[in-house]
Every structure is written in structure tokens, then in C-alpha cells.
Amino acid sequence: LSSAPKHVAIIMDGNGRWAKSRAFGRTLGHHEGAKRVDEIVTECADAGVRYLTLYAFSTENWNRPAAEVTVLMGLLVQHLRALDKKLVKNRIQLQAKGSLYRLPDFAYNEVQRVVDLTNYAEPRMTLTLCLSYGGRQEIVDAARTIARKIEEGRLTSNHIDEDLISRHLYQPNVPDPDLLIRTGGDYRISNFLLWEIAYTELYVTPTLWPDFNLDELHKAFKVYTQRERRFGLTSEQVIGAPVSNSYPQPS
Ligand code: IPE
Ligand code: IPE
Ligand code: MG
């Protein structure tokens, strides 16, 4: 499928509401949501997506009731233990980003095991789990690293530009997302990738994450192909019609 976006990012939201509407506990919603991850991961790889970034747990999610956080950490580990074979079979590389030091040891170790196991030089797809992840924290961490380099005399303030900041984020080698999908119907970013989504196409669906099936995924891809990405230009420029010279800028 050539129409697939190169980098897809997903805010997997709505597990709790899915369970509540069935008078189940939230845990069951998270269980069902975890199953969708498997299907979406392999389908994206088969469709030609090169990078898939999933928001699994935010820095703010640490403030949920302890019992729910415990369930989510347990599910993560349980899930990775089963997912690893599938990743190997499909040559999908796992990466994780966020304040990973905050994860309990058993979760951190399992994530690291699968990251090491799938460290391919040329993966078919890179799957990134955002765990204990905050978009603002990512920028804070980048600012700190840059400040340290300035203190050590390895950089000066004149070196700071957009490219330098991008190169100090958690994944300097991953291009910005082309498509950001949010399930659960809320029109907000919830501290997901902030810097990286400057020109990402946004797709919000009311479908709750446990109901997000492959049809829903392809619907999102189809909408994406119908968008015109202008990156600040005019439509005429984008379609390659003859246009006059651009405005001169001081160098
Ligand atoms: C998303 O589902 C999973 C996580 C945030 C970990 P929620 O648990 O946020 O589900 P809702 O939004 O309450 O329905
Ligand atoms: C966003 O969902 C985080 C994840 C999907 C991991 P939330 O449920 O935490 O977002 P808010 O609280 O509704 O903004
Ligand atoms: Mg939610």
C-alpha cells in the first residue's frame, strides 16, 4: 500500500470509557486495548509504514490511582512477553522513549530486553512505545543537554537552531510524524509529541481504542491521502504550478 504515511503516531485513548459502557472495570478496557496494539503494529508494517509511535503511558498518567498504574505496568510486561516473537518474525524494531527511569524495574527490564532483541540494522519498521512520556519533558531534557554542552564549551548559544534542538530530542534519527491519530474523540494533544508534530496531519476519531480495528486504520490512511500538506506554502506552489520568486530574506 503505497499511500501509507511514513510515520504514524497514535494516542490510544478510550479504554476506560469502552469498559464503562459495558459495565466492566477499567482493567478490562486496558486488556482489550492491548490486543489492538498487536493487530495495528503488524498491519502498519505490512502497509509500508516505516515508523509507528504509540502513546502508551504519559507522565501525567502516574497520577492515576496506584491500582490502575500497577495494572498498566503488568499489562505492558505481559504484552511484551507475547509480542516479542511477532516483532522478530516481522523484523520490527522496538524502541521506547520517555522518563523510563520512573518505570518499575520489572517493566524497565522487560522493555530493555525486547529493545535489545530487536535491534536490527535495517528494520522493516520501527515501533516506538512512549512510556512515562511527556512532550514537555522531552524538550526540557533536550534543553538540559544543550546547556551542559555550552557549560563545557562544546557549543555556544549561536549554535542553537531548530535542527540542533531536533537532534537533542529522544530520537534524533526518527523523522517527524506525518499522521497523528487520536482515538476516543478528544481534540487535544495531552502532552504527546509537541515539537515533532509542528506539521503533522491530525486525525481524531470518536472510536474508542479497543474498537479501533484495521478498517478504522485504513479509513485514517485514506483521509490522510486526501489532505494537502502545504507547509506554509500556497496550494499553487504545492502542486507545482508556475509561481513567482519567493521573498528575499536577510541571510
Ligand atoms: C487510554 O485509555 C490508556 C491510557 C491512558 C493508559 P484511558 O484509560 O485514558 O481511557 P479513558 O480515556 O478513561 O476512556
Ligand atoms: C493520553 O490519554 C495518554 C495516553 C493515551 C497514554 P489520557 O487519557 O491520559 O489523556 P487526557 O487525560 O484525557 O488528556
Ligand atoms: Mg483517556
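The preceding data block contains the structure.
The rules behind each value
Residues numbered from 1 in each chain as written. Chains lettered and ligands numbered in written order. Predicted model: local features only at pLDDT ≥ 70, side-chain atom pairs only at ≥ 80, totals over all residues. Heavy atoms only, no water. Near = heavy atom within 4 Å. Polar contact = N/O pair within 3.5 Å; in protein donor to acceptor, adjacent residues only side chain to side chain. Areas by Shrake-Rupley, 256 points an atom, 1.4 Å probe, with all protein chains shown as cover. 1 Å grid on protein atoms, 1.4 Å probe; cavity = no way out; pocket = protein on both sides within 12 Å on 5 of 7 lines; lining within 4 Å. Sits in = over half its atoms within 2 Å of the grid points. Helix = DSSP H or I, 4+ residues; strand = E, 2+ residues; numbered from the N terminus. Nonpolar A, V, L, I, M, F, W, Y, C, P; charged D, E, K, R; others polar. Points joined across faces, edges and corners; volume = space filled by probe spheres on them. Salt bridge = Lys/Arg side-chain N within 4 Å of Asp/Glu carboxyl O. Buried < 20%, exposed > 50% of the residue type's maximum accessible area, 1.4 Å probe, protein only. Contact = heavy atoms within 4.5 Å. Pairing = 2+ DSSP bridges. Right-handed = clockwise from strand over helix to strand, strands pointing away.

## Looking at the site of ligand 1
Around ligand 1, the surrounding shell consists of Met 12, Asp 13, Gly 14, Asn 15, Gly 16, Arg 17, Arg 26, His 30, Ala 56, Asn 61, Arg 64 and Leu 72. In this structure, Arg 17 approaches ligand 1 through a main-chain N or O atom, which is 2.7 Å from an oxygen atom. Separating an oxygen atom of ligand 1 from a side-chain N or O atom of Arg 26 is a distance of 2.7 Å. If ligand 1 stood free it would expose 380 Å²; the protein chains cover 87% of that surface. In this structure, ligand 1 is accommodated by the largest pocket. Per-element accounting of the shell around ligand 1 gives the leading share, three residues, to helix α1 (residues 15-20). Taken together, the residues of the shell around ligand 1 sort by class into three nonpolar, five polar and four charged.

## A look at the layout of surface pockets
Sizing a probe to match a water molecule and rolling it over the atoms shows the empty space that remains. Roughly 750 Å³ of volume is contained in the largest pocket. Around the largest pocket, the lining comprises 33 residues; the ones closest to its centre are Met 12, Asn 15, Tyr 55, Ala 56 and Phe 57. Listed by contribution, the elements that provide at least two residues to the lining of the largest pocket are α1, α2 (26-47), β2 (51-58), α3 (66-89) and β4 (125-133). Tallying contributions element by element places α3 first for the lining of the largest pocket, with seven residues. Tallied by class, the residues present in the lining of the largest pocket amount to 17 nonpolar, nine polar and seven charged.

## Thoughts on the pattern of salt bridges
As a working rule, side chains carrying opposite charge can pair if their charged atoms are close by. Enumeration over the complete set of coordinates arrives at 21 salt bridges. A salt bridge links Arg 17 to Asp 13; its shortest N-O distance comes to 3.1 Å. The exposure class of Arg 17 is partly exposed, given its relative accessible area of 36%. A relative accessible area of 19% places Asp 13 in the buried class.

## Notes on the environment of Gly 33
Looking at where Gly 33 falls in the secondary structure, it is placed in helix α2. For Gly 33, a relative accessible area of 2% gives the class buried. Remark: the alpha-carbon pair of Gly 33 and Cys 44, spanning 11 residues in sequence, is separated by 17 Å. Residue contacts for Gly 33: discarding those within four places in its chain leaves Asn 15, Trp 209 and Pro 210.

## Examining the site of ligand 2
As a structural note, the neighbourhood of ligand 2 is formed by Ile 11, Met 12, Asp 13, Tyr 55, Ala 56, Phe 57, Asn 61, Arg 64, Arg 182, Arg 188 and Ser 190. Side-chain polar atom of Asp 13 to an oxygen atom of ligand 2: 3.2 Å apart, as the coordinates give it. At 3.4 Å from an oxygen atom of ligand 2 is found a side-chain nitrogen or oxygen belonging to Arg 182. When the free accessible area of ligand 2 is taken as 390 Å², the share hidden by the protein chains comes to 78%. According to the grid-proximity analysis, the pocket containing ligand 2 is the largest pocket. Per-element tally for the shell around ligand 2: the top contributor is β2, with three residues.

## Some details on the pairing of strand β3 (residues 92-97)
As paired strands, β3 and β4 are joined by six bridges and run parallel to one another. Bridge pairing links Gln 95 to Thr 128 in β4. Taking the sense of rotation as the criterion, the β-α-β connection linking β3, helix α4 (residues 105-117) and β4 turns out left-handed.

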